[in-house]
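Secondary and tertiary structure notes
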Amino acid sequence: MRAQIAAGNWKMHLTLPEAQKLSSEVLNMVQDEYNGSAQVILAPAFPLLGAVAHLIKGQKRFALAAQTLHEAEQGAYTGEVSAAMLVSAGVSHVILGHSERRQYFGENNALLALKIAQALRHGLKVIYCVGETLELREAGQTMELVGAQMREGAFGLDAQGFSNLIVAYEPVWAIGTGRTASPEQAQEVHAFIRKLIAAQYGETTAAQTPILYGGSVNAANAAQLFAQPDIDGGLVGGASLKSRDFTEIVKALP
Ligand code: PGA
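Throughout what follows, the structure given in this document is the object of discussion. (Residues numbered from 1 in each chain as written. Predicted model: local features only at pLDDT ≥ 70, side-chain atom pairs only at ≥ 80, totals over all residues. Heavy atoms only, no water.)

Let's shift gears to the overall build of the chain. Of regular secondary structure, the chain possesses 12 helices and 8 strands. Structurally, the chain occupies a C-alpha span of about 45 × 45 × 35 Å along its principal axes. Relative to its full complement of 254 residues, the chain shows a buried share of 54%. Here the contacts in the chain between residues at least 6 apart in sequence split such that 72% fall between residues at least 24 apart. Looking at the chain as shown, the accessible area adds up to about 11,100 Å², and 53% of this sits on carbon and sulfur atoms. Distance from the positive charge centre (19 side chains) to the negative charge centre (23 side chains) of the chain: 5 Å. (Helix = DSSP H or I, 4+ residues; strand = E, 2+ residues; numbered from the N terminus. Buried < 20%, exposed > 50% of the residue type's maximum accessible area, 1.4 Å probe, protein only. Contact = heavy atoms within 4.5 Å. Areas by Shrake-Rupley, 256 points an atom, 1.4 Å probe, with all protein chains shown as cover. Lys, Arg positive; Asp, Glu negative; His and termini not counted. Charge placed at Lys NZ, Arg CZ, Asp CG, Glu CD.)

Right under this line is the structure:
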């Protein structure tokens, strides 16, 4: 069975003490209450990574993700963070292509392909986000857009490289809005993405690639979403900032 994953994207939230408190609470609650096999990934902001790495050290179920990285190896890029820095800080995963990065920081598919390649060069696993705006959904162009994001951002990889990807389908209209895609709406796009992967890399790779849903996942709707055959977990924003809510989302996974 492919991996089941609950990933918490903390975005630009939490100070260091708050991040330590939240991580400890989630660690304890998940240890006490969850017996399944899902992986739990925490994605704090850069300055919090070291502290969270320290807290989750030795916890096999837990992994640490950054929220982006720079595509260059190193250099005069004031304010940016490299893949090597992340690895040295205990990071194993990186979120790339989040719609907030695409929208506010001008990240397009071509740039994301470079960032993905750079992450893989350093042995990071990538959570690659795709998803349409409301305008495109209403225009009936969801599959076209998601298809282009997959092809241009990710399908330049060879099969070995692609096996380090986790895809996250995050409809932009569902992120932070409280308006979740229905399980059926999400499943339809997940199945489409899996078909694209099968056409590019074959059935085995497609069957093994985790595809997460993101966009207003909460403790109340997680189980229904995760019950869909092609939904392998969630990339969770708002609800990942509350230990009880996030733990309930983890517990919705097998
Ligand atoms: P949300 O964010 O759960 O707050 O909608 C999801 C995300 O942006 O990854």
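Strand order in this closed barrel of 8 strands is β1-β2-β3-β4-β5-β6-β7-β8, and the pairing throughout is parallel. Across the sheet, the mean angle separating the axes of adjacent strands is 25° when strand polarity is ignored. Note that strand β1 (residues 5-9) and strand β2 (residues 39-43) share 5 bridges and pair parallel. Across the sheet, the residue bridging to N9 is A43, located in β2. Strands β5 (125-130) and β6 (165-169) of the sheet are contacted by helix α7 (residues 142-153), whose axis makes an angle of about 150° with β5. (Pairing = 2+ DSSP bridges. Axes fitted to C-alpha atoms, helices over the stretch in contact; angles between N-to-C directions.)

Our focus in this paragraph is the packing of helix α1 (residues 16-33) against helix α12 (residues 243-251). The geometry of α1 relative to α12 is characterised by a closest axis approach of 9 Å and an angle of 40° between their N-to-C directions. Note that α1 runs across α12; the crossing there is right-handed. Together, L22, E25, V26, M29, V30 and E33 of α1 and S243, R244, F246, T247, E248, V250 and K251 of α12 make up the contact between the two elements. (Left-handed = near helix turned anticlockwise from the far one by under 90°.)

When you line up the elements, H190 lands in helix α9 (residues 183-201). On the basis of relative accessible area, H190 is assigned to the buried category, the value being 0%. Not counting residues up to four positions away in its chain, the partners in contact with H190 are Y169, I211, L212, Y213, D230 and I231.

Below, the discussion takes up the nonpolar core. Core analysis: the biggest nonpolar cluster contains 69 residues, and M150, I193 and I197 have the highest contact counts within it. With 8 residues, α9 is the largest single contributor of residues to this core. If sequence neighbours within four positions are ignored, I193 has contacts with V130, V146, M150, V167, Y169 and I211. Counting residues in hydrophobic clusters, the runner-up holds 13 residues, among them A7, I41, I166 and L212. (Core = buried A, V, L, I, M, F, W, Y, C linked by side-chain atoms within 4.5 Å.)

This part takes up helix α2 (residues 49-56). Side chains three or four residues apart in an α-helix point the same way, a direct result of the helix having 3.6 residues per turn. When α2 is considered as a whole, its buried residues turn out to be L49, A51, V52, A53 and I56. Against α1, β2, β3 (62-66) and α3 (83-88) lie the buried residues of α2. Directly beyond the C-terminal end of α2, a positive phi value near 85° is found at G58.

Now for the packing of α7 against α9. At their nearest, the axes of α7 and α9 sit 11 Å apart, and the two run at 40° to each other. The orientation of α7 relative to α9 falls into the category oblique. As α7 packs across α9, the resulting crossing turns out to be right-handed. Residues T142, M143, V146, G147 and M150 of α7 form the contact with α9, whose participating residues are E188, V189, F192, I193, L196 and I197. (Parallel < 35°, antiparallel > 145°, perpendicular 65-115°, else oblique.)

In this structure, K195 sits in helix α9. Separated by 152 residues in the primary sequence, K195 and A43 have C-alpha atoms spaced 28 Å apart.

What follows is about the pattern of salt bridges. By the definition in use, this model includes 14 salt bridges. In this structure, K21 and E25 form a salt bridge, with 3.0 Å as the shortest nitrogen-oxygen distance. Within this pair, K21 and its partner E25 are both found in helix α1, separated by 4 residues, close to a single helical turn. Classification of K21 by relative accessible area gives exposed; the value is 53%. Its salt-bridge partner being E248, residue R244 comes within 2.6 Å of it at the nearest N-O pair. (Salt bridge = Lys/Arg side-chain N within 4 Å of Asp/Glu carboxyl O.)

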